[in-house]
Amino acid sequence: MLTEVIGIVCACLTCLVESKMMNAVQFGSDGAASSMRIGKVPIPELRDHEVLIRVYATAINRADILQRKGRYAPPPGESEILGLEAVGTVETIGPNCVSRWSVGDRVMTLLAGGGNAEYVSGHEDLLMPIPAGLTFTKAAAIPEVWLTAFQLLHTVGKIQAEESVLIHAGGSGVGTAAVQLASLVGATPIVTAGSETKISKAKELGAAEGFNYKEGDFGPSVLQATKGKGVDLILDCVGESFYDQNMQSIKTDGRWVLYGLLGGGNVNGDMLAKMLRKRISITGTTLRARSIQYKGDLVRNFTDAALHHFDSGKLKPIVDKVFPLENISDAHKYMESNANTGKIVIEVRPEDVKDEL
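Here's the deal with the packing of aromatic side chains
Scanning the entire structure with this criterion turns up 8 aromatic pairs. Consider the rings of Phe218 and Phe242, whose centres lie 5.0 Å apart with planes at 75°: the pair is edge-to-face. Of this pair, Phe218 sits in the loop between β10 (209-212) and α7 (219-225) while Phe242 sits in the loop between β11 (231-236) and α8 (243-249); the two residues are 24 residues apart in sequence, bridging distant segments of the chain. The pair Phe218 / Phe242 is uniform in exposure class, with both members buried. Members of the aromatic cluster, connected to one another through ring pairs, are Trp146, Phe150, Phe302 and Phe310. Over the ring of Trp101 we find Arg100, and its NZ or CZ is 4.3 Å from the ring centre. Just above the ring of Tyr334 sits the side chain of Lys321; from NZ or CZ to the centre is 4.9 Å.

A few points about the pattern of salt bridges
Applying the stated criterion across every chain, the model contains 14 salt bridges. Taking the shortest distance from any N to any O, the salt bridge between Lys343 and Glu85 comes out at 3.0 Å. Remark: Glu85 occurs in strand β4 (residues 85-93) and Lys343 occurs in strand β15 (residues 343-347); sequence separation between them is 258 residues. We classify Lys343 as buried; its relative accessible area is 3%. With a relative accessible area of 0%, Glu85 lands in the buried category.

Description of the environment of His308
By the secondary structure assignment, His308 is in helix α10 (residues 292-312). The class of His308 is partly exposed, set by a relative accessible area of 41%. When the C-alpha atoms of His308 and Ala57 are compared, they prove to be 21 Å apart, with 251 residues separating the residues in sequence.

Focus: unusual backbone geometry
One non-glycine residue, Asp253, lies in the positive phi region at around 70°. With respect to the element layout, Asp253 can be found in strand β12 (residues 250-258). Overall, the relative accessible area of 44% leaves Asp253 in the partly exposed class.

Side note on the side chain of Lys198
Relative to the elements of secondary structure, Lys198 occurs in helix α6 (residues 196-204). Buried charge without a salt bridge: Lys198, with Asp320 as the nearest opposite-charge side chain at an N-O distance of 7.7 Å. Among the polar contacts made by the side chain of Lys198, one reaches the main-chain carbonyl oxygen of Asn338 at a distance of 2.6 Å. Excluding residues that lie within four positions of it along the chain, Lys198 makes contacts with Gly171, Ala193, Asn338, Ala339, Asn340 and Thr341.

Regarding the nonpolar core
Core analysis: the largest hydrophobic core is formed by 50 residues, its most contacted members being Trp146, Leu153, Leu235 and Phe302. Only β3 (50-59), β5 (106-110), α3 (136-139), α4 (143-156), β8 (164-167), α5 (173-184), β11 and α10 provide two or more residues apiece to this core. In terms of residues, this core owes the most to one element, α4, which gives 8 residues. Among all residues touching Leu153, those that are not within four sequence positions of it are Lys158, Ile159, Val165, Ala178, Leu181, Ala182, Leu233 and Leu235.

Describing the confidence of the model for the protein
Put simply, the protein has an average pLDDT of 93, and 93% of its residues get 70 or more. The low-confidence segment residues 5-18, where pLDDT is below 50, has 0 contacts with residues more than four positions distant or belonging to other chains.

Observations regarding the pairing of β3
Of all the 10 residues making up β3, 10 are buried; the element is thus mostly covered by neighbouring parts of the structure. Inspection of the sheet shows β3 paired to strand β6 (residues 119-123) by 5 bridges, in the antiparallel sense. Counterpart to Leu52 in the pairing with β6 is Ser121. Bridging between β3 and β4 involves 7 bridges; their strand directions are antiparallel. Bridge pairing in β4 places Val55 opposite Gly88. Summarising the sheet, β3 and β15 pair through 3 bridges and their orientation is antiparallel. Paired with Ala59 across the strands is Val345, a residue of β15.

Points about the sheet that holds β8
Reading across from one edge, β10-β9-β8-β11-β12-β13 is the order of the 6 strands in this open sheet, with parallel pairing throughout. Of all strands in the sheet, those with a lone pairing partner are β10 and β13 (281-284), marking the two edges. Averaged over neighbouring strand pairs, the angle between their axes works out to 15° when direction is ignored. One ladder, built from 4 bridges, connects β12 with β13; its direction is parallel.

Overview of the packing of α4 against α5
The geometry of α4 relative to α5 is characterised by a closest axis approach of 8 Å and an angle of 55° between their N-to-C directions. With respect to each other, α4 and α5 are oriented oblique. Crossing of α4 over α5 shows right-handed handedness. Between α4 and α5, the contacting residues are Val145, Trp146, Thr148, Ala149, Phe150, Leu152 and Leu153 on the first element and Gly173, Val174, Ala177, Ala178, Gln180, Leu181 and Ala182 on the second.

A few points about α5
Note: α-helices contain 3.6 residues per turn, so residues at a spacing of three or four share the same orientation. With 12 residues, α5 ought to run about 16 Å at 1.5 Å a step, and its terminal C-alpha atoms sit 17 Å apart, in line with that. Most of α5 is tucked away, with 10 of its 12 residues classed as buried. Elements in contact with the buried residues of α5: α4, β8, β9 (188-193), α6, β11 and α10. Of the residues that open α5, the one with a side-chain oxygen 3.0 Å from the backbone nitrogen of Gly175 is Ser172.

Rules of the game
Residues numbered from 1 in each chain as written. Predicted model: local features only at pLDDT ≥ 70, side-chain atom pairs only at ≥ 80, totals over all residues. Heavy atoms only, no water. Phe/Tyr/Trp six-rings, centres within 6.5 Å; stacked < 30°, edge-to-face > 60°. Helix = DSSP H or I, 4+ residues; strand = E, 2+ residues; numbered from the N terminus. Buried < 20%, exposed > 50% of the residue type's maximum accessible area, 1.4 Å probe, protein only. Lys NZ or Arg CZ within 6 Å of the ring centre and 35° of its normal. Salt bridge = Lys/Arg side-chain N within 4 Å of Asp/Glu carboxyl O. Lys, Arg positive; Asp, Glu negative; His and termini not counted. Polar contact = N/O pair within 3.5 Å; in protein donor to acceptor, adjacent residues only side chain to side chain. Contact = heavy atoms within 4.5 Å. Core = buried A, V, L, I, M, F, W, Y, C linked by side-chain atoms within 4.5 Å. pLDDT = per-residue confidence, 0-100. Pairing = 2+ DSSP bridges. Axes fitted to C-alpha atoms, helices over the stretch in contact; angles between N-to-C directions. Parallel < 35°, antiparallel > 145°, perpendicular 65-115°, else oblique. Left-handed = near helix turned anticlockwise from the far one by under 90°. Expected span 1.5 Å × (residues − 1).

What follows is the structure in structure tokens.
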């Protein structure tokens, strides 16, 4: 009898422990995509002003690949789990929340980490309503790349109507978002990309011109497209390998926003002299490590200026491919192949599944 009681108690305790656990992406110390797996981790405990989100879809970004390889740690105090965005439904309202969110609301959110999991905690100020008519997997293509593109163009780049902007990686998630946002305010987007397919997609979304950087220098082509003037603004995620061509492409008094170093970070020679002659302003910016206040302002500005355009169809989230969570290693390998045009989305649970916490 005692043995049976002990067995029942142990089973109950096991169920209790398992009920506080969730599936999440994990990766090995070797940093290889092939070492990625799904493992059990505790469901996040909520801090002040946070809500718990039941995640239906998330996505991957270049930052996730860098973190997996040990080259981009999350900000102090943030989740070590990969994933800078998530979409789903509000599961629990945490302490001291004062916002309009309620249990069951369909939301999408920007994160500093933790999105590649079944549940994630998100700050109430960083949540956005999912636009009407969008599925969870479509909405997962919005938070990180569209907020990044909005930040680059507006918060930092100060884009204006009738200006021109050179957008590198024009077929990426950020690139396809930036093309649409620039067109929305009456600016002229010009893109570079590594394939004609990506350039065609960017033109379909509003790019005036597109140049394949694999087929030669884009500097002379940008000058020709701008009638010799150069562009007002450059959104640069490449750095070193595009430096000379960027310097040729930018107009006098132009603005250059650097947000990545995919092509390296060392520039030698007369960089400062060229900057001085052209009176160029270069600004470096990131988003992940910014304060909640900064991100909250960005989310509010984006929501007010752009979010309703997804309802009308004027803005479109571009999803290249959807992978189930258990195939996360394949998703990372796919991103590293540079084959995608738009966002690589991860489905965590099917749209019509409502499992119990």
